[in-house]
Amino acid sequence: MQALDTWNPSHGPIVGLLTDIDDTLTTEGVVPAEVVQSIAALKAKGLAVIPITGRPVGWSVPFAQEWPVDAIVAENGAVALRRNALGGLDKLYQQDDATRIANYAKMQAVLEQIEATVPGARRATDSVGRECDIAVDHSEFTHMPQAQIDQCVAIMKAAGMNATVSSIHINGWFGGHNKLEGARWIVKTLFGKDLDAEIGQWCYIGDSTNDQLMFQHFENSFGVANIERFVPQLSHLPRYVTRGERGEGFVELAERLCAVA
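A short tour of the structure in this document, coming up. As the structure is a prediction and not an experimental result, all values here were calculated from the model. (Residues numbered from 1 in each chain as written. Predicted model: local features only at pLDDT ≥ 70, side-chain atom pairs only at ≥ 80, totals over all residues. Heavy atoms only, no water.)

1. Some thoughts on the pairing of strand β7 (residues 134-137)
Burial along β7 is two-sided: Ile134 and Val136 and Ala135 and Asp137, pointing in opposite directions, are all buried. The pairing of β7 with strand β9 (residues 169-173) spans four bridges and is classified as antiparallel. Looking across to β9, one finds that valine 136 is bridged to isoleucine 170. (Buried < 20%, exposed > 50% of the residue type's maximum accessible area, 1.4 Å probe, protein only. Helix = DSSP H or I, 4+ residues; strand = E, 2+ residues; numbered from the N terminus. Pairing = 2+ DSSP bridges.)

Right, dumping it as structure tokens:
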């Protein structure tokens, strides 16, 4: 990982920033005012800003309404919230209704199995807002040892689910979506563009193992400094890293993007 100060765009002007939320935009669980101001500054420079998170769609609603973002993609790429012409929010899904209903029932059975068999495992407190995945808390309101985290992941995968570990949760879901597919989908949906065709003009910033697919794919990939916690578990590191942790690191990147825009 190179220092953020060494980065310059090499494929023309940057057109958009995709970002994780927890421990990337947030500091101690809160999005500081300066982070929202930085998002507004990026928008004023003409950049698209789209958070892509493992958080549930229900949890994301107030932020999609309040933040100056183009959309929020929630539940690791499964569902998006986009403002409409009436000032409300449209909810967009990658899966049809029948598929979501069937998957939801199967996921709840897996979640119950995890809670019954993994010592200390408890569903995330934001689970009520989830429609397309499940989440087990490992670091938000509890601390789960790595062995139990691995056990939860193994149960999800044995059931045929995808499983990722964020800085706070273990997420599992059925389907081919993930953060990268969610990014491709929302860029096509919002702007009619092929993300892969202009990947050198987009940036991604994150902080944990569930961001490594994005780190691998994006040349302009960034980690906030607290990614150091996950480096031993990452097969793909971000190309660049900020000096500051969490929201402070995001503000650093936003300032750098505004300077080169």
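2. Regarding the pattern of salt bridges
Scanning the model with the defined rule gives 17 salt bridges in all. Across the salt bridge formed by aspartate 5 and arginine 243, the nearest N and O atoms sit 3.2 Å from each other. In this pair, aspartate 5 sits in the loop between β1 (2-3) and β2 (16-19) while arginine 243 sits in the loop between β12 (240-241) and α7 (246-260), placing the two residues 238 residues apart along the sequence. Each of the two residues, aspartate 5 as well as arginine 243, counts as exposed. Ionic pairing is found between aspartate 133 and arginine 130, a salt bridge with its closest N-O pair at 2.8 Å. A single burial state applies to aspartate 133 and to arginine 130, both of which are buried. Several salt bridges converge on common partners, so that one network encompasses Asp22, Arg55, Asp126, Arg130, Asp133 and Glu140. (Salt bridge = Lys/Arg side-chain N within 4 Å of Asp/Glu carboxyl O.)

3. A look at helix α5 (residues 179-191)
Compared with the 18 Å implied by 1.5 Å per residue over 13 residues, the 18 Å span of α5 between its first and last C-alpha is a close match. Inspection of α5 places Lys179, Leu180, Gly182, Ala183, Trp185, Ile186 and Val187 among the buried residues, and these make up the whole buried set. Looking at where α5 begins, the residue whose side-chain oxygen comes 3.0 Å from the main-chain nitrogen of leucine 180 is asparagine 178. Looking at the residues trailing α5, positive phi occurs at glycine 192, about 65 degrees. (Expected span 1.5 Å × (residues − 1). Polar contact = N/O pair within 3.5 Å; in protein donor to acceptor, adjacent residues only side chain to side chain.)

4. Focus on the sheet that holds β7
Pairing in this open sheet of three strands is antiparallel, and the strands run β7-β9-β8 from one edge to the other. For this open sheet the edge positions go to β7 and β8 (162-165), each flanked by a neighbour on one side alone. Strand-to-strand twist across the sheet, computed as the mean angle between neighbouring axes with direction ignored, equals 20 degrees. In the sheet, β8 pairs with β9 via four bridges, with the strands oriented antiparallel. Bridged to alanine 163 within β9 is glycine 172. Helix α3 (residues 97-117) contacts β7 and β9 of the sheet and is inclined by roughly 15 degrees relative to β7. (Axes fitted to C-alpha atoms, helices over the stretch in contact; angles between N-to-C directions. Contact = heavy atoms within 4.5 Å.)

5. Structural notes on the environment of valine 110
As for its position among the elements, valine 110 is in helix α3. For valine 110, a relative accessible area of 6% gives the class buried. Each C-alpha atom, one on valine 110 and one on lysine 188, is 33 Å from the other, the two residues being 78 residues apart in sequence.

6. Describing the nonpolar core
In terms of nonpolar packing, the biggest core is built from 31 residues, with Leu17, Leu42, Phe222, Phe250 and Leu257 touching the most fellow members. Contributing elements (two or more residues each) for this core: α1 (33-44), α2 (57-66), β4 (72-74), β5 (79-83), β10 (202-206) and α7. Per-element tally for this core: the top contributor is α7, with six residues. With residues near it in sequence (within four places) discarded, leucine 17 still touches Leu42, Ala48, Val49, Ile50, Trp202, Cys203, Tyr204, Ile205, Phe250, Leu253 and Leu257. (Core = buried A, V, L, I, M, F, W, Y, C linked by side-chain atoms within 4.5 Å.)

7. With respect to the state of the cysteines
By the definition in use, this model includes zero disulfides. Unpaired in this structure, cysteine 203 has its nearest cysteine sulfur neighbour in cysteine 258, at a distance of 11 Å. (Disulfide = S-S within 2.5 Å.)

8. Re the sheet that holds strand β11 (residues 221-223)
Strands pair in a sheet through their backbones, by hydrogen bonds, and they do so in one of two ways: parallel or antiparallel. Strand order across the open sheet formed by six strands is β1-β12-β11-β10-β2-β3, with parallel pairing between neighbours. For this open sheet the edge positions go to β1 and β3 (48-51), each flanked by a neighbour on one side alone. Across four bridges, β2 lies against β10 in parallel orientation. Across the sheet, threonine 19 pairs through a bridge with isoleucine 205, a residue of β10. Docked against the sheet, α5 engages β2, β3 and β10, running at close to 140 degrees with respect to β3.

9. Some words on the side chain of serine 167
With respect to the helices and strands, serine 167 occurs in the loop between β8 and β9. In this structure, serine 167 is in contact with Asp22, Asp23, His138, Ser139, Asp207, Ser208, Arg229 and Phe230, ignoring residues within four places of it in sequence.

10. Things to note about the pairing of β2
Where burial is concerned, the two faces of β2 agree: the one with Gly16 and Leu18 and the one with Leu17 and Thr19 are both buried. Inspection of the sheet shows β2 paired to β3 by four bridges, in the parallel sense. Along β3, the bridge assignment pairs glycine 16 with alanine 48. Each parallel crossover has a hand, and for β2 linked through α1 to β3 it is right-handed. (Right-handed = clockwise from strand over helix to strand, strands pointing away.)

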